[in-house]
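# Report on the structure
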Amino acid sequence: MGDAKVIPFDDDRDRDRERRRGSGAGRQSGRTRSRPARSGGGRAESDGAPLVPLPHQAEGHDGGAGHDGPDPAAETPGPSADGAWEQRAARGLAFLRRRLTGAYEVDEFGYDAELTDQVLMSLLRPVFEKYFRVDVRGVENIPSEGGALVVANHSGTLPLDGLMLQVAVHDHHPADRALRLLAADLVFLLPVVSQLARKAGHTLACAEDAATLLGRGEVVGVMPEGFKGIGKPFAERYKLQRFGRGGFVSTALRAGAPIVPCSIVGAEEIYPMIGNSRTLARLFGFPYFPLTPTFPWLGPLGAVPLPTKWTIQFGEPIPTDGYAPEAADDPMLMFNLTDQVRETIQHTLYKLLVGRRSVFF
């Protein structure tokens, strides 16, 4: 034991060189690498393990130096596939252990980043990718760091556009940023929905919460049309409603955060609203009660949205850090900036609609 010789890590290259020399011109027959050899490490690897002679390359068997065709045996799952499943199972068990023991973090707004990443985004992602087939453009216009305010149009009878907007930023931003949406009070009055909204990082659409998040360097999303946008009749689709009193502009000015206009096409047609039952709306305490070609006539089946093709485009950011601190109290400046953001979104919507081949394709 005391005379054992420790072989340096770099000597693996010499052993690999000897194996290749003994297998005939350094070529391997019938072996397809699942991934290329790593550069700079000095070791050729396949499936995470050093290359070794395969059974059909043993002595007495022709290695087939001139044969480069695939070997059916190379297509069978190797140890790497088993290892990947083992890693997934280990991560899943670790996640469950943290949830059961309470060893996870939640911020003061109730945002649970781990639950959002591992569960909520995984549930929304198939709808985003397979059902609505969302095409995301210009997401890199959201800054890679620091606070930013994303302002988008709102439509669709139910606020699914907000959820798809959140997935777009979460999955497609090159800096892996998360979007914190400002939601209406009604969202936090509904059972189950309110808890899920908090866990996903949503908070009340008020200036105080928005200022806190922007001050912490978060990306905040707001849809100033509110219920006027999602509850408008189908005949007024893609016509932006009033943007309120410009409170979002004032918040961005105070935080010095850029405003990123965002246009969403495709959400207007998921529930074509052809009528509004005000009597039922008052009965249930909703701002409107939609009547669509399928709801409520088909019962629960009528609540399934139509599989329209979506496009989400983020425009060039509008900087606000060049204004003086007192600019947030200038009503004329707020009006001009609000109108600039609104016109940018409306113009982009028209451009996207002109270039759209079909509602569903």
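These notes cover the structure that comes with them. (Residues numbered from 1 in each chain as written. Predicted model: local features only at pLDDT ≥ 70, side-chain atom pairs only at ≥ 80, totals over all residues. Heavy atoms only, no water.)

## Some remarks on the pattern of salt bridges
- By the definition in use, this model includes 14 salt bridges.
- Between glutamate 108 and arginine 216 there is a salt bridge whose closest N-O contact spans 2.5 Å. Residue glutamate 108 is found in the loop between α2 (79-101) and α3 (113-131), and its partner arginine 216 is found in the loop between α6 (207-215) and β7 (219-222); the two are separated by 108 residues along the sequence.
- By relative accessible area, which is 57% here, glutamate 108 ends up exposed.
- Among the salt bridges present, the one from arginine 216 reaches glutamate 218, with a minimum N-O distance of 3.5 Å.
- Taken together, the salt bridges that share partners define one network made up of Asp107, Glu108, Arg180, Arg216 and Glu218. (Salt bridge = Lys/Arg side-chain N within 4 Å of Asp/Glu carboxyl O. Helix = DSSP H or I, 4+ residues; strand = E, 2+ residues; numbered from the N terminus. Buried < 20%, exposed > 50% of the residue type's maximum accessible area, 1.4 Å probe, protein only.)

## Things to note about the packing of helix α8 (residues 247-255) against helix α10 (residues 331-355)
- Put simply, α8 and α10 touch, their axes get as near as 9 Å, and they point 105° apart. Classified by the interaxial angle, the pair formed by α8 and α10 is roughly perpendicular. In contact with Phe248, Val249, Ser250 and Leu253 of α8, α10 contributes Leu333, Met334, Leu337, Thr338 and Val341.
- Taken together, the residues of the contact of α8 with α10 break down into 7 nonpolar, 2 polar and no charged. (Axes fitted to C-alpha atoms, helices over the stretch in contact; angles between N-to-C directions. Parallel < 35°, antiparallel > 145°, perpendicular 65-115°, else oblique. Contact = heavy atoms within 4.5 Å. Nonpolar A, V, L, I, M, F, W, Y, C, P; charged D, E, K, R; others polar.)

## Remarks on the sheet that holds strand β3 (residues 135-137)
- The sheet built from 7 strands is open, its strands ordered β3-β11-β8-β4-β7-β5-β6 with mixed pairing. At either end of the open sheet lies a strand with only one pairing partner, and these are β3 and β6 (203-204).
- When strand β8 (residues 259-265) meets strand β11 (residues 311-314), the two strands line up antiparallel, connected through 4 bridges. Looking at the pairing, isoleucine 264 lines up with isoleucine 312 of β11.
- Sheet contacts for α10: β3, β4 (148-152), β8 and β11; angle to β8, the most-contacted strand, approximately 30°. (Pairing = 2+ DSSP bridges.)

## Some details on the environment of valine 219
- Structurally, valine 219 can be placed in strand β7.
- Residues valine 219 and valine 260 lie 41 residues apart in sequence; the distance between their C-alpha atoms is 10.0 Å.
- The contacts of valine 219, once residues within four sequence positions are left out, are Ile142, Ala148, Val150, Arg177, Ala178, Leu179 and Arg180.

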